[in-house]
Amino acid sequence: MIIGHIGARAGSKGVPNKNFRMLHGKPLLDWSLDQLLESDRVDHVVVSTDSQEMYEHSLKRGCLDIGLRPAHLATDTAGKWDVWKHALGEVEKQTGPASAFLDLDCTSPLRPDSAIPEALDLFFTDTPDMVMSCCEARKNPYFNLVEPDETGALHVSKPLPGGVVARQQAPAVYEHAASTYVVAPDYLRRASSLFEGRVIPYMMAPETCVDIDSPFDFRLVDFLMGEQLKDRNDA
């Protein structure tokens, strides 16, 4: 039994009310919510939110009713892990034990529909504690990420013997892309953070996992979404 989950807090300092802001004809939340509701792999869908508006909206769309998110999980400092753990517990009270907890970040609406079955297949084939969406990092700490020492002089963040003179020589580094996660329920119950167990990457194209965290990000996603929709219509 697979639980589909979206976390959509009401507050946002970077982009006010971003999770329910309109994007190409529907709330940002619905771009990810539609993917969960339309997936034949997902048995139950839930939205964890402290917003009355988004809460009522999710219920009308057919999501499970787990009530509003507790206040201590609705602050700027509340971590994703504790929100997941709370949602899992509330859903399993109604559905019984889950076999996978699938989370879609609603601030990454450019995710292709194929991400859900691909991430789930990876999870059930490799049986890790968690599958985490990633993309190839644009900057590499072995090559072109630098940091200052106590004198203010710059040095490569992670120097290797002999140095790295070309990006291709540097070890692979991934960005943690806030988009698509599949978590083993037992791991979610017992662990206190993401990386305590065996976490493996689900690789995505960088342009499909742009995360909205600022007004610029929203404008960028708005443009990319428009191009994506235009390509679909042309096809």
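Residues numbered from 1 in each chain as written. Predicted model: local features only at pLDDT ≥ 70, side-chain atom pairs only at ≥ 80, totals over all residues. Heavy atoms only, no water.

Under an unreviewed UniProt entry, the name given to the chain is N-acylneuraminate cytidylyltransferase, and the source organism is Yoonia rosea.

Some remarks on the overall build of the chain
Looking only at helices and strands, the chain has six helices and ten strands in total. Radius of gyration (C-alpha) of the chain: 19 Å, near the 18 Å computed for a compact globule of 235 residues. Projected onto its principal axes, the C-alpha positions of the chain cover 60 × 45 × 40 Å. Buried residues in the chain amount to 43% of all 235 residues. In the chain, the proportion of contacts linking residues at least 24 apart, taken out of those at least 6 apart, comes to 74%. With an accessible surface of roughly 11,800 Å², the chain has 52% of that area assigned to carbon and sulfur atoms. Within the chain, the 35 negative side-chain charges are centred at a point lying 2 Å from the centre of the 23 positive side-chain charges. (Helix = DSSP H or I, 4+ residues; strand = E, 2+ residues; numbered from the N terminus. Rg over C-alpha atoms; globule rule 2.2 N^0.38 Å. Buried < 20%, exposed > 50% of the residue type's maximum accessible area, 1.4 Å probe, protein only. Contact = heavy atoms within 4.5 Å. Areas by Shrake-Rupley, 256 points an atom, 1.4 Å probe, with all protein chains shown as cover. Lys, Arg positive; Asp, Glu negative; His and termini not counted. Charge placed at Lys NZ, Arg CZ, Asp CG, Glu CD.)

Looking at the pattern of salt bridges
Considering all chains together, one arrives at ten salt bridges under this definition. Here D34 ties to R61 by a salt bridge, and the two come within 2.7 Å at their closest N and O atoms. One end of the pair, D34, is in helix α1 (residues 28-38); the other, R61, is in the loop between α2 (52-60) and α3 (80-95), with 27 residues separating them in the sequence. By relative accessible area, D34 is classed as buried at 14%. One salt bridge in this structure joins E90 and K93, with 2.9 Å as the shortest N-O distance. Residue E90 and its partner K93 are located together in helix α3, separated by three residues, close to a single helical turn. (Salt bridge = Lys/Arg side-chain N within 4 Å of Asp/Glu carboxyl O.)

As for the pairing of strand β1 (residues 2-7)
Of all six residues that make up β1, five are buried, and the element is covered over most of its length. In this structure, β1 lies alongside strand β5 (residues 100-104), joined through four bridges in parallel fashion. Within β5, the position partnered with I2 by the bridge is A100. Direction of pairing for β1 relative to strand β4 (residues 44-48): parallel, over a ladder of five bridges. Bridge assignment links G7 to a residue of β4, and that residue is S48. (Pairing = 2+ DSSP bridges.)

Details of the environment of G89
Turning to its location among the elements, G89 is positioned in helix α3. When its relative accessible area of 30% is taken as the criterion, G89 is described as partly exposed. Separated by 29 residues in sequence, G89 and E118 place their C-alpha atoms 25 Å apart.

Description of the domain arrangement of the chain
In terms of domain boundaries, the chain breaks down into domain 1 (2-136 + 174-234) and domain 2 (138-172). Its C-alpha centre places domain 1 at a distance of 33 Å from the equivalent point of domain 2. (Domains from an automatic or database assignment.)

Topic: helix α6 (residues 215-234)
Since the α-helix advances by 3.6 residues per turn, residues separated by three or four positions end up pointing in the same direction. Compared with an ideal rise of 1.5 Å per residue, which puts 20 residues at 28 Å, α6 spans 29 Å between its outermost C-alpha atoms and is within 8% of the ideal. If you follow the buried residues of α6, they end up packed against β2 (22-23) and α1. (Expected span 1.5 Å × (residues − 1).)

Observations regarding unusual backbone geometry
Although it is not a glycine, H24 adopts a positive phi angle of roughly 50°. Its location among the elements puts H24 in the loop between β2 and β3 (26-27). With a phi close to 45°, T127 is a non-glycine residue in the positive phi region. One can find T127 in the loop between α4 (115-126) and β6 (130-136). Residue classification places T127 among the exposed positions, given a relative accessible area of 58%.

Thoughts on α3
Along its 16 residues, α3 runs 22 Å from first to last C-alpha, staying within 8% of the 22 Å computed at 1.5 Å per residue. The complete set of buried residues in α3 reads W81, V83, W84, A87, L88, V91 and E92. Each buried residue of α3 sits inside an arc of 155° when the element is viewed along its axis, so together they form one side. Elements that come into contact with the buried residues of α3 comprise β1, β4, β5, β6, β9 (174-183) and α5 (185-190). Just beyond α3, the residue with positive phi is G96, at close to 90°. (Arc of directions from axis to C-beta.)

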